[in-house]
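# Structure at a glance
Spelled out from the first residue to the last, the chains are:
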Amino acid sequence: MATQRLGMIVDTKRCVGCSTCAMMCKSENNEPEGIWWNRVLTIGGEHLTTPSGTYPNLTMENLTVSCQHCNNPACVKVCPVGATYKDEETGVVRQDYDKCIGCRMCMSACPYTGVRSFNWEEPKYPIGIDTGDADVPKHQKHVVEKCTMCWHRLAKGLQPACIEVCPGRARHFGDFNDPDSEVSRLIREREHMQLLPEMGTNPSVYYLV
Amino acid sequence: MSETTQAAQAAKTPAAKFGGRGINIGIAAAAVVTVIGLVLWGMQLSGGLVQTGMRNLDSWGLYITSFMFLVGLSAGGLIISSVPRAFGMKGFGGISKVAVWTSICCTVLAIGFVVIDLGQPLRLWELFAYSNLGSPLMWDIIVLSTYLIMSIIYLWATVRYENGKGSEKALRVISVVALVTAVLVHSVTAWIFGLQQAHEFWHTALLAPWFVSSALVCGVALVLVVIIALRRAGYMALAQENVVKMVKLLGTFVCVDLYFFVCDLLTSAFPGGSGTEVVNMLVAGPLAPFFWVEVVGCAITAVIAFVPKLRTNPLIVVGSLLAIVGIFCKRVQLLVGGFQIPNIDYAGVMTPYTVTDATGSLTNAYRGMVYWPQPIEFGIVLGVFGFGALLLLLGFKYLSLKPTEKSH
Amino acid sequence: MSGTDSSQGGLTRRSFLKTTGAIVGTTAVAGAAYPTLTALAEERQTGQPASSEERISQGICRPNCFGGCRLNVHVRDGKVVKTSMAPYPDEKNNRICLRGISHPWRIYDPERVKYPMRRAEGTERGAGVWERISWDDAINEIADTFMRVQEEYGPQAVAKWSVSGNRGMIVQESYATLFNAINASSIGPGVDMANAYGTARVTGWIGIWSSNGPDDLVNAKNIFLWGNNLTSAQLQEWHFVADALEAGSRLIVIDPIYTQIAAKADLWVPVRPGSDTALTLSMMNVIVKEDLVDKTFLQDHTVAPFLVRRDTGKFLRMSDLGIEPTEGPVNSATGKPTIIDPVAVMVDGSDAPVPSEGAVNPVLLGAFTIQGIECDTAYRLLCDEIAQYPPETACDLCEVPPETIIELAHYAADGPVTHRCGWGSQAYDNGVHTAHAGATLAGLVGQYGFPGASYGPVNLGVYPGFNTKLSSAAGASTSKTVSIMDLPEVLNTGKFLGKEYPIKAAFVLEGNPLSTATNTNALLDALPNLEFLVTADSAMTDTARYSDLVLPIAQWFECEDVFGGRQANYVVHNPKIIDPLYESKPDSEIVRLLADKMGLSDKVFQSDEEWMRAYIDTPAGEKFGITYDKLKEAGVLGWHSSDPVIRWEGGVFTTPSKRLEFYVETPTLAGATAKKLDVEREHLPRFFPPAEAWPENEKYSEYPFTLLSERSMYMVHSQWFGTGWLRELDPEPTVKINPAQALEKGIDDGAYVECYNDRGRCVARAVYSEAIKPGTLVYPKNWQRHQHKAGSWSELSSSIYDPAAVNQSFMDVLCDVKVWDGE
Ligand SMILES: Nc1nc2c(c(=O)[nH]1)N[C@H]1C(S)=C(S)[C@@H](COP(=O)(O)OP(=O)(O)OC[C@H]3O[C@@H](n4cnc5c(=O)[nH]c(N)nc54)[C@H](O)[C@@H]3O)O[C@H]1N2
Ligand SMILES: Nc1nc2c(c(=O)[nH]1)N[C@H]1C(S)=C(S)[C@@H](COP(=O)(O)OP(=O)(O)OC[C@H]3O[C@@H](n4cnc5c(=O)[nH]c(N)nc54)[C@H](O)[C@@H]3O)O[C@H]1N2
Ligand code: SF4
Ligand code: SF4
Ligand code: SF4
Ligand code: SF4
Ligand code: SF4
Ligand SMILES: [Mo]
């Protein structure tokens, strides 16, 4: 079976930090209160959507950050029980809630601060319903979770939920191992970056700059 | 109440000669503290780790700090007792059983700390069913259990040998193996942190040898405190000359440890850039109190160790305690320091799970120590130490750890 | 703060940037090209289809954000478990935002209004003590009170009070039918009118806001956004701007605040609040001085050559010169022939005026005395006005450096140019003139009526096929519309326009005026004069909390509705997707119940379907091929043919003269108001300082901050205020302050501060932001009072308004700020 390297592209020139992708992720995956697998960060001041510099010489950019589905994932190496693992066929870094012993090795190993989150207590749903897709696994207390690349959707031949909702049309999904895919084309044609390349993790999330 | 009745019962047992009532009260008190710890652990498991100060961006805390620290204590103790044996040095034999028992207790506690830190302790069995041998945590688990078993065998062999069974050669072999595992255990523990490129502060090749030197510092210091205490309590005798030898050893180890520290800081700071950040954080940042307590404490220890006039028993105890506290501070610096410098700290959504103090901005959260333990953590840690004291005292009471003729 | 901070944060941010290398070119992806994989590569599909046991229906999200996003509503076990993006027939209109995704939370909000509730006997309004009552009791009480009040004080004593909560049609129209039938008053919302009137009086009215369609932005060489925080407030349009930027358009953002869209701009011009008109006039000054004007356009498509009488301010007409008007074709509306009385212009080389139509090369700049009547060309009057604002002078007013003004003038003349005027600069008492000046500027350089060229707020094409007369089919109400700004006085005095005008009961629907209208304390002081206040809402808003009776209404997916398109030219049907929760009822049913009780059943439609058919199945609709049945089946049907929409094609406007009337011959009041219009002032775009927020104001020494509001991404007005998912991102009311000024005031980042003036106060958390112009404070608007530690934002704003707009001056507000003392 051919191996894919599924991943995402976020065009920072088109991203306005609106959090729509983050919200779709939250709803689709029934993320409990306080959990955000996909977050908008502001490259600027100390608060969301504040710039750096001194008025009126200012700059501000947005970065949406979720698990980078690294080709060489730091988290997978350190997990003692293989509860986080890389799916060889797709390159997606997956998470098995039933297996996770909650040691949080993966959290400290992952260089991308904050993409992994731990359920520090019984997941809370103040509205009393499970939102999103029925095939999303139940969230569990005291295990680590993160962006699944919407595995439940991939399984149905769909794109991840956060891709198409982007009002800026800034998000793209595809197989980086397929030279004809849109994502491969985009990184051929556009200037781009990966986050923290010096960590050697080789993320499958690219940012067009 | 229960303490007194327990103490009273304990007083009747034959081994109660040593320490008598005192040790029984101690055992009872330790037992109570242990039980309280267990109750708190139960609370932590049912109410969730949210009750601790740990959060997504500071995902380990006092438990893992204590784990590191106790691995150090244990390895140090064992090294101290096995080195003389392994290299056939004379004069320390009397302390070796005490030292090994102390090590065993510390190892048990270290494992205990990992367990109480787990979110799903009931899934511990998976470690053996699904072991990922690539994970440093897995290595540590293997090495720690081996080490625990080795220590027990070593203690058992020593006791046997002193009772006239088994050969000195066999004991020596065992002591060498124990020594190796002790060094390994510490290196591997260091690797849990040191192999993580994610945290600049941890990611240094020096970490393993440095962990070993720190282990030696606090291991020797602990053994010193214990034997001086036991000597006072009349449990054992040890020539002051040997104590002095150990104090000198302690001084040497302290210097080596400080030397490593200097090496590390210099390597970090010299190129400038983000390494300077690490140095700033330690010297003048939120972790400065821990840094300075360690550095000054260890320096005082070294002075006490090397100035003959100062090598009085009270000062030796003070120096040793300072060294132990210093190494604990080092552990705090290491653990919290690793989280204190996030790779990505851009402003983003902050929820109660993001960081211990999620009320302000991320920068605010990092202004002080990003992590500070909550009462339940102190309680549970106390409980674990209570359990340690219980083990230690039970050992003193029921195991024949007193030096015998053959010890020397 | 910034990277200069010595904290870990600052340093880390710096080091991260340093190590985040950009990789250019083709080599970056290791192993990217295995030709063999091509065949096996699987293209993943878009879409949000149903998972197991799920039912999906399409609805529409319809708050007043202009979005009008079609949503898939996913229902499992009878519960809405997800809302996701549903496509429009053309991909470019596909859109959704974070709020649209949050509907599950909004629907199942634990705080949702569940039952009809009455203020507990003996408690004050707003005390928060409620008793649950039955629908029967609620309807009886409302009907009885309304009938009693009308009997006692006259029909006008009952008022329909609505703002803009739901842009579907059935709610407004149903209530309108009922309130027309009883001749009730209306409370005028007083929102968004300054840019609407400011542009409409120059270009003509074709719906509240008109400009070229968003898909035309890509044709513009220069795009100006004036006081328009597009990425927050018209997020659904951002991708059109992004496309334009990719295609090479230049984006110029004129805003005192460094907004998200300012961060995307090629040029951000931090202007002083309330001074855009001065800046615009100055740009025109440069354009005229450098002769960058489009002379032909001025001559043929604007009133520039029209002669204006000095004595009356009116255009000189041929009839003034003794040439009798002629009769034109019969006007279908009036049934009478139109009167043709052309305006006179002068042409070069002749000293006799000629009719403007057909005049060749009319004189643009001149003053003439014709048959004893002194006249100037309209252009001359404009130039006189413009002449007062050379860049150096304007700079003192608008704080934009002269060289930037000149640069802006060059861009404005370098077509195609699209100007989007937002709602920022019109939120001051002088706002009509900003839009008036802007439209004039665009005309001066001929930037109208072709691809890439337009001036306007947005293009809000509302479907013209609906039967909008339906609610007044049996006669419109003869009572008045009292603007929200006049309401306090009317309630206090019982008089309006100099006559007795008691208003004693009001029904609030689709509005939350105690949060979204200005000068809350004046309203609160006056409301005791109201004997009865009912609010129909699904959330316990500020207004609901202050009412005597609260009716739980069905939310958008719990009842049928129809949407006439906002920025997409589609009619969208919203079926009832789930049953109304708890005891809530659709508004249309509430109207039926009330009508029944009041003996007016024959005036209202007996079912939603009947109403839908009457409203949708019209002759005009026929032409577009849109009928209720077709719409119900398709869910969405398009109605606009040209794509992209180009407004005023060929420079033909919808004004009386069909020209761009930058000189307004007959300025009018924008609504019922006792205020007098300064007609002389209103003829031309003129700069005058905002009524309050300007240093000349004596209050300025006491209250030195101009208080601006922003529309955050996390609410639409006050809607979604309690939605947990959004509140995680944006947990509490904040006010942004420039850090240097905060330090001067001893305000720490994150401290609770009190913003106050002589009208009221508001306590919120201070957020340091360099985006904030010193001298201003910016708050995300419409948090509810109970979400604040004390006060609320609308307490600080005033009731001042310009009669040319009858628009609330949301940002024309001065205040001071201090650390909150906890009181
Ligand atoms: N998320 C969200 N979207 C919305 C709404 C909402 O409540 N929430 N409301 C909708 C409605 S009804 C409307 S009317 C529109 C309004 O849409 P916008 O007008 O785009 O909305 P605002 O955020 O008020 O933007 C006004 C901008 O003008 C700036 N400004 C203030 N004073 C001045 C000035 O004197 N000159 C200039 N040049 N700029 C100034 C402000 O800093 C701000 O950035 O948004 C609609 N969209
Ligand atoms: N400070 C400040 N204030 C402002 C502005 C500003 O720029 N600054 N902008 C102003 C502008 S431009 C506008 S347009 C106004 C908007 O002001 P409003 O229209 O009052 O604002 P909304 O919060 O949308 O209020 C609508 C209410 O209607 C309810 N609602 C929604 N759907 C329905 C329905 O189907 N039936 C019924 N019965 N109720 C429904 C909602 O729950 C909500 O409580 O705000 C104005 N307020
Ligand atoms: S939805 Fe698109 S524009 Fe919005 S934050 Fe996500 S990537 Fe950026
Ligand atoms: S981003 Fe972190 S969690 Fe995700 S694959 Fe990479 S190392 Fe693992
Ligand atoms: S927390 Fe779970 S996923 Fe992470 S390393 Fe431990 S067992 Fe693996
Ligand atoms: S791929 Fe799915 S899980 Fe990952 S960020 Fe996007 S929506 Fe969330
Ligand atoms: S709130 Fe407005 S922009 Fe967001 S989904 Fe609803 S209609 Fe669209
Ligand atoms: Mo509005």
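If you're wondering where the values come from, they're calculated on a predicted model, not measured in any experiment.

## A closer look at the overall build of chain B
- What chain B contains, in helices and strands, is 14 helices and zero strands.
- In chain B, the succession of α and β elements from N to C terminus is α-α-α-α-α-α-α-α-α-α-α-α-α-α.
- Its C-alpha atoms give chain B a radius of gyration of 22 Å, within 12% of the compact-globule value 22 Å for 408 residues.
- Once the C-alpha set of chain B is aligned to its principal axes, its extents read approximately 65 × 50 × 40 Å.

## Description of the site of ligand 4
- Near ligand 4 lie 13 residues; those nearest to it are A:C67, A:C70, A:C75, A:C110 and A:R116.
- Across the shell around ligand 4, the residue classes break down as nine nonpolar, two polar and two charged.

## Observations concerning unusual backbone geometry
- A:Y55 connects to A:P56 through a cis peptide bond whose omega is 0°.
- Look at the link from C:G415 to C:P416: it is a cis peptide, with omega at -5°.
- Within the secondary structure, C:P416 is located in the loop between α15 (402–413) and β19 (417–421).
- Its identity is not glycine, yet C:E399 carries a phi of approximately 60°, on the positive side.
- Counting through the fold element by element, C:E399 comes out in the loop between α14 (391–398) and α15.
- Judged by relative accessible area, C:E399 falls into the partly exposed class, the value being 35%.

## Focus: the site of ligand 7
- C:C61, C:P63, C:C65, C:G67, C:G68, C:C69, C:C97, C:R99, C:G100 and C:W720 make up every residue found near ligand 7.
- Of the residues contributing to the shell around ligand 7, the split by class is six nonpolar, three polar and one charged.

## Here we look at the pattern of salt bridges
Residues and elements named next belong to chain C.
- In the structure shown here, the tally under the stated rule is 60 salt bridges over all chains.
- In this structure, D215 engages K92 in a salt bridge whose closest nitrogen and oxygen atoms are separated by 3.1 Å. With D215 in the loop between α7 (193–203) and β9 (222–226) and K92 in the loop between β4 (79–85) and α3 (98–101), this residue pair connects regions lying 123 residues apart in the sequence.
- Assessed through its relative accessible area of 17%, D215 is described here as buried.
- Look at K92 and you get partly exposed, because its relative accessible area is 22%.
- Where R272 meets E399, a salt bridge forms, and the shortest distance between an N and an O atom there is 3.5 Å. In this pair, R272 sits in the loop between β11 (267–269) and α11 (276–289) while E399 sits in the loop between α14 and α15, placing the two residues 127 residues apart along the sequence.
- Where salt bridges share partners, they join D90, K92, D215 and D643 into one cluster.

## Description of the environment of C:M811
All names here are of chain C.
- Following the sequence through the fold, M811 ends up in the loop between β34 (776–780) and β35 (814–819).
- Through-space distance from the C-alpha of M811 to that of S709 is 6.6 Å; in sequence the pair is 102 residues apart.
- Residue contacts for M811: discarding those within four places in its chain leaves G424, A427, Y428, A693, T706, L707, L708 and S709.

## A closer look at the interface of chain B and chain A
- Facing the 47 residues of chain B at the interface are 53 residues of chain A.
- Taken over both partners, the interface formed by chain B and chain A buries close to 4100 Å², and the fraction arising from carbon and sulfur atoms is 58%.
- On the chain B side of the interface with chain A, the three residues burying the most area are B:Q197, B:I344 and B:Y353, jointly 16% of the side's total.
- Our count for the chain B to chain A interface comes out at two salt bridges.
- In this structure, the salt-bridge partner of A:R104 is B:D117, at a minimum N-O distance of 2.6 Å.
- Along the contact surface separating chain B from chain A lie 35 residue pairs in polar contact (both at pLDDT 80 or more).
- Of all the secondary structure elements, the ones that give two or more residues to the side of chain B that touches chain A are α2 (21–47), α5 (126–129), α6 (136–162) and α13 (362–367) of chain B.
- Among the elements that make up the side of chain B that touches chain A, the one with the highest residue count is α2(B) (four residues).
- Of the residues in the side of chain B that touches chain A, the class split is 22 nonpolar, 20 polar and five charged.

## A few points about the environment of B:L179
- With respect to the helices, strands and loops of the structure, B:L179 is situated in helix α7 (residues 168–194).
- When the C-alpha atoms of B:L179 and B:R85 are compared, they prove to be 9.9 Å apart, with 94 residues separating the residues in sequence.

## What about the pairing of strand β32 (residues 752–756) of chain C?
All names here are of chain C.
- Relative to strand β33 (residues 761–768), β32 runs antiparallel, the two sharing five bridges. In the sheet register, C755 faces β33, and the bridge partner there is C762.
- The antiparallel hairpin formed by β32 and β33 contains four residues in its connecting segment.
- By the bridge criterion, four bridges tie β32 to β35 in an arrangement that is antiparallel. Bridge pairing in β35 places E754 opposite K818.

## Focus on helix α21 (residues 587–597) of chain C
- When α21(C) is considered as a whole, its buried residues turn out to be C:D587, C:S588, C:I590, C:V591, C:R592, C:L594 and C:A595.
- A positive phi of about 70° marks C:G599, the residue just after α21(C).

## A short note on the sheet that holds strand β2 (residues 55–60) of chain C
All names here are of chain C.
- Reading across the sheet, the three strands line up as β2-β3-β4 and stay open at both edges, with antiparallel pairing between neighbours. Two strands bound the open sheet, and with one partner strand each, they are β2 and β4. The sheet shows a mean angle of 30° between the axes of neighbouring strands, taken without regard to direction.
- One ladder, built from six bridges, connects strand β3 (residues 70–76) with β4; its direction is antiparallel.

Calculation notes
Residues numbered from 1 in each chain as written. Chains lettered and ligands numbered in written order. Predicted model: local features only at pLDDT ≥ 70, side-chain atom pairs only at ≥ 80, totals over all residues. Heavy atoms only, no water. Helix = DSSP H or I, 4+ residues; strand = E, 2+ residues; numbered from the N terminus. Rg over C-alpha atoms; globule rule 2.2 N^0.38 Å. Near = heavy atom within 4 Å. Nonpolar A, V, L, I, M, F, W, Y, C, P; charged D, E, K, R; others polar. Buried < 20%, exposed > 50% of the residue type's maximum accessible area, 1.4 Å probe, protein only. Salt bridge = Lys/Arg side-chain N within 4 Å of Asp/Glu carboxyl O. Contact = heavy atoms within 4.5 Å. Buried area = accessible area lost by both parts, 1.4 Å probe. Polar contact = N/O pair within 3.5 Å; in protein donor to acceptor, adjacent residues only side chain to side chain. Pairing = 2+ DSSP bridges. Axes fitted to C-alpha atoms, helices over the stretch in contact; angles between N-to-C directions.

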